[in-house]
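So the chains spell out like this:
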Amino acid sequence: TSEEAILAVPREFRLVSLSLGATQWQTIRNQVLPNALPGIITGIILGLGRAAGETAPILFTVAAFYLPQLPKSILDQTMALPYHLYVISTQVPGMPLEIQYGTALILLFFVLSLTLVASVFRTIMRRRRVW
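Counting of residues starts from 1 at the beginning of each chain's written sequence and follows it residue by residue. Since the coordinates come from a predicted model, pLDDT governs what is reported: local features require at least 70, and pairs of side-chain atoms require 80 or more to be given and counted, while whole-chain, interface and lining totals use all residues. Excluded from the side-chain calculation are hydrogens and water; included are all heavy atoms of the structure.

Scanning the chain for helices and strands turns up six helices and zero strands. Counting from the N terminus, the helices are the DSSP runs of H or I reaching at least four residues and the strands are the DSSP runs of E reaching at least two. Sequence-ordered secondary structure for the chain, helices as α and strands as β, is α-α-α-α-α-α. When accessible area is computed with a 1.4 Å probe and restricted to protein chains, residues below 20% of their type maximum are described as buried, those above 50% as exposed, and intermediate ones as partly exposed. Evaluated residue by residue, the chain yields a buried proportion of 23% over its 131 residues. Across the chain, contacts joining residues at least 24 apart in sequence account for 51% of those joining residues at least 6 apart. Two residues form a contact once any of their heavy atoms are found within 4.5 Å.

Written as structure tokens, this is what we have:
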């Protein structure tokens, strides 16, 4: 997404900046990055939303099957919300459906809210951009 946002900046911006005597770094810093920033930040937010919904990377890094208490350090094991949903849906007999559906609803709300924040941010930044 970041690469696409940078490539979406018109080539003319770079050419005009370079023709006015700016160095390549000044062109990147003052023309390319400010115009590509909304796309870059949107990509970061959407990437976080996607990572929140995917379980596989967490399963192989820090996930624990069951934790009776919250982690106390950033290095402690954790249970990701998608993994927690999987565990309570398939591994815990007699788990009330309300808890399973509530967990799924929270996960869905979290991913959708990140997507909404990214879309609103992108729209606001595009309106501010004057070409």
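Additional details are given in the paragraphs that follow.
Each residue after the first adds 1.5 Å to the expected span of a helix. The terminal C-alpha atoms of helix α6 (residues 97-128), which comprises 32 residues, lie 46 Å apart, in line with the 46 Å expected from a rise of 1.5 Å per residue. Those residues of α6 not exposed but buried are Gln100, Thr103, Leu107, Leu114, Ala118 and Met125.

Interaxial angle, 0 to 180 degrees, is taken between N-to-C directions of lines fitted to C-alpha atoms, where a helix line uses only the stretch in contact. Direction vectors running N to C along helix α5 (residues 81-90) and α6 enclose 165 degrees, while the axes themselves pass 10 Å from each other. Classed by the angle they form, the pair α5 and α6 counts as roughly antiparallel. Remark: the crossing between α5 and α6 carries left-handed chirality. In this structure, α5 contributes Leu81, Pro82, His84, Leu85, Ile88 and Ser89 to the contact, and α6 contributes Ile99, Gln100, Thr103, Ala104, Ile106 and Leu107. In terms of residue class, the contact of α5 with α6 is made up of eight nonpolar, four polar and no charged. Orientation labels follow simple angle bins: below 35 degrees gives roughly parallel, above 145 gives roughly antiparallel, 65 to 115 gives roughly perpendicular, and whatever is left gives oblique. In a left-handed crossing the near helix is turned counterclockwise from the far helix by less than a right angle, and in a right-handed crossing that turn is clockwise. Three residue categories are used. Nonpolar comprises Ala, Val, Leu, Ile, Met, Phe, Trp, Tyr, Cys and Pro, charged comprises Asp, Glu, Lys and Arg, and polar comprises the others, including Gly.

Right, let's get into the side chain of glutamine 100. Turning to its location among the elements, glutamine 100 is positioned in helix α6. Ignoring sequence-local partners within four residues, the contact set of glutamine 100 consists of Leu85, Ile88, Ser89 and Met95.

Along the chain, threonine 27 turns up in helix α3 (residues 24-53). Those residues in contact with threonine 27, other than ones at most four positions away along the chain, are Arg14, Ser17, Leu18, Ala22 and Val32.

Turning to the nonpolar core, a few remarks are in order. What we call a nonpolar core is a set of buried Ala, Val, Leu, Ile, Met, Phe, Trp, Tyr and Cys residues that are connected through their side-chain atoms within 4.5 Å. In terms of nonpolar packing, the biggest core is built from five residues, these being Ala5, Val9, Val32, Ala36 and Ile40. Considering every element that reaches this core, the biggest residue donor is α3, with three residues. Every residue in contact with valine 9, bar those within four places of it in the chain, is listed here: Arg14, Gln31, Val32, Asn35 and Ala36.

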